[in-house]
Amino acid sequence: MELEIDQLNVTLGQKKILTDISLQTQKGQFVGLIGANGSGKSTLLKTVYKALKPDSGTIVLNGLDLVSSHEKQVAQNLSVVSQFNELSFDLTVEQIVFMGRTPYKGFLEGENREDEQIVTKALEKTGLSSYRHRSFLSLSGGEKQRVVMARAITQQPNYLILDEPTNHLDIRYHLEILETVKELGIGILAALHDLEDAAYYCDYLFALKEGQIVAQGTPEEVLTSSLVTELYGVACQIYRHPITNGLGFYYSRNEEIVNE
C-alpha cells in the first residue's frame, strides 16, 4: 500500500466539504480524481499535503501519518504541483528550483554539490537548462509550470500531488507536464479536469460528487456515459479514438448527442 486515506471529513466555514472519504492507492500508480467543480477534489488534495486540517480521519503514506507529522518530514516524502504559481517577487528559475531542496536543509544551511547536481538534472528533465538564469516573472504560464515541476522533482519525492496543473496551459505544455510526471515512475494523485487525460494517463480513478466518492476503478470501468452525466450534468457519448484507441468523449447540454 502507498497512500491510504480512511474516513476523512473536512469542513470549511460552516459547510461540510468532504464526507467519509476512504481510498487506497498502490505503489507507482497514477491515480486520478474526477468530478465537477466544487466536488471536493482540491480540498481532498490540500488535506493530503497539509494545507488544510481535517475534522477527522487518517492519511498515511508508506507508513507515515501525514496528518500528525511535521511539514518538513511530509515535504521529504511528497511534493505538490498546483494550477496557480504566481509570485509577487522576482527570482531566477534556478533559485525557484533550488527551493525543492529546502526540506533537507537545517537552519541557514546552504546548497552543496549534491544539491547542484539534483537541480541540474531536474532542469534537464523539464527542458529548462537554458532557462536557468532567466527571471521567473518573465516566463509564460507553461514555462512557469515547468519550473514548478522541476522544483517538485528536486524534492526527490516518493509521491506527487497534482492539483489540476494543466488547466490554463496550451496543448503543448499541457502534454509536456503530464508526460513528464508519468515518466517519473512514482505514485501520483491528481485532480484532473480533462476526462481524456484521465482515461489516457491514469491507472485508477476515483469519482467525487458533493464531497463523496461515488465510483472507483480503472478508467474503462469508471468512465461511462451514465457516470459522466451524473457528475457533470451533460449528455455524453464515449467512443474509441481512431489513432490512440483511447477513450474519447462527445458532450451535449441537450439530451441528444450531436456528432459534428
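Our structure's up above, just so we're on the same page.
Parameters and conventions
Residues numbered from 1 in each chain as written. Predicted model: local features only at pLDDT ≥ 70, side-chain atom pairs only at ≥ 80, totals over all residues. Heavy atoms only, no water. Pairing = 2+ DSSP bridges. Helix = DSSP H or I, 4+ residues; strand = E, 2+ residues; numbered from the N terminus. Axes fitted to C-alpha atoms, helices over the stretch in contact; angles between N-to-C directions. Core = buried A, V, L, I, M, F, W, Y, C linked by side-chain atoms within 4.5 Å. Buried < 20%, exposed > 50% of the residue type's maximum accessible area, 1.4 Å probe, protein only. Contact = heavy atoms within 4.5 Å. Phe/Tyr/Trp six-rings, centres within 6.5 Å; stacked < 30°, edge-to-face > 60°. Lys NZ or Arg CZ within 6 Å of the ring centre and 35° of its normal. Parallel < 35°, antiparallel > 145°, perpendicular 65-115°, else oblique. Left-handed = near helix turned anticlockwise from the far one by under 90°. Nonpolar A, V, L, I, M, F, W, Y, C, P; charged D, E, K, R; others polar.

Some details on the sheet that holds strand β10 (residues 212–217)
The strand order across the open sheet built from 6 strands is β6-β7-β8-β3-β9-β10, with neighbouring strands paired in mixed fashion. Either end of the sheet is taken by a strand with one partner, and the two such strands are β6 (78–82) and β10. Pairwise comparison of adjacent strand axes, ignoring direction, gives a mean angle of 15° for this sheet. Sheet topology places strand β7 (residues 159–163) next to strand β8 (residues 187–191); 5 bridges connect them, and they run parallel. Residue pairing in the sheet places Leu-160 in a bridge with Ile-188 of β8.

Quick look at the nonpolar core
Membership of the largest hydrophobic core comes to 48 residues, with the highest contact counts inside it found for Phe-30, Ile-34, Val-147, Leu-160, Leu-162 and Leu-223. Looking at which element gives the most residues to this core, the answer is helix α5 (residues 141–154), with 6 residues. Other than its neighbours up to four places away in sequence, Val-147 contacts Val-93, Ile-96, Val-97, Leu-128, Phe-136 and Leu-139. In this structure, Val-10, Leu-23, Val-48 and Leu-78 belong to the second largest nonpolar core, which totals 25 residues.

A look at the packing of aromatic side chains
Overall, the coordinates contain 4 aromatic pairs when judged by the stated rule. Summarising the aromatic geometry, the rings of Tyr-200 and Tyr-201 are spaced 4.9 Å apart at their centres and angled 85° between planes, so their arrangement reads as edge-to-face. Exposure remark for Tyr-201: the relative accessible area of 4% places this residue in the buried category. Positioned above the aromatic ring of Tyr-131, the side-chain terminus of Arg-146 is 5.7 Å from the ring centre.

Quick word on the packing of helix α4 (residues 113–125) against α5
Here α4 crosses α5 at 140°, and the two axes come no closer than 9 Å. With respect to their mutual orientation, α4 and α5 come out oblique. Crossing of α4 over α5 shows right-handed handedness. Counted together, Ile-118, Val-119, Ala-122 and Lys-125 of α4 and Ala-150, Ile-153 and Thr-154 of α5 form the full contact between these two elements. Residues belonging to the contact of α4 with α5 are distributed by class as follows: 5 nonpolar, 1 polar and 1 charged.

Some words on helix α1 (residues 41–48)
Owing to its 3.6 residues per turn, the α-helix aligns residues three or four sequence positions apart on the same side. Of all 8 residues making up α1, 6 are buried, and the element is well covered by its neighbours. When we look at burial in α1, the residues that qualify are Lys-41, Thr-43, Leu-44, Leu-45, Thr-47 and Val-48. Looking one or two places after α1, you find Lys-50, whose phi comes out positive at around 75°.

Concerning the pairing of strand β3 (residues 30–34)
Most of β3 is tucked away: 5 of the 5 residues are buried. The side-chain alternation of β3 yields two buried faces, one formed by Phe-30, Gly-32 and Ile-34 and the other by Val-31 and Leu-33. Note: β3 against β8, 4 bridges, orientation parallel. Within the sheet, the bridge partner assigned to Phe-30 lies in β8 and is Ile-188.

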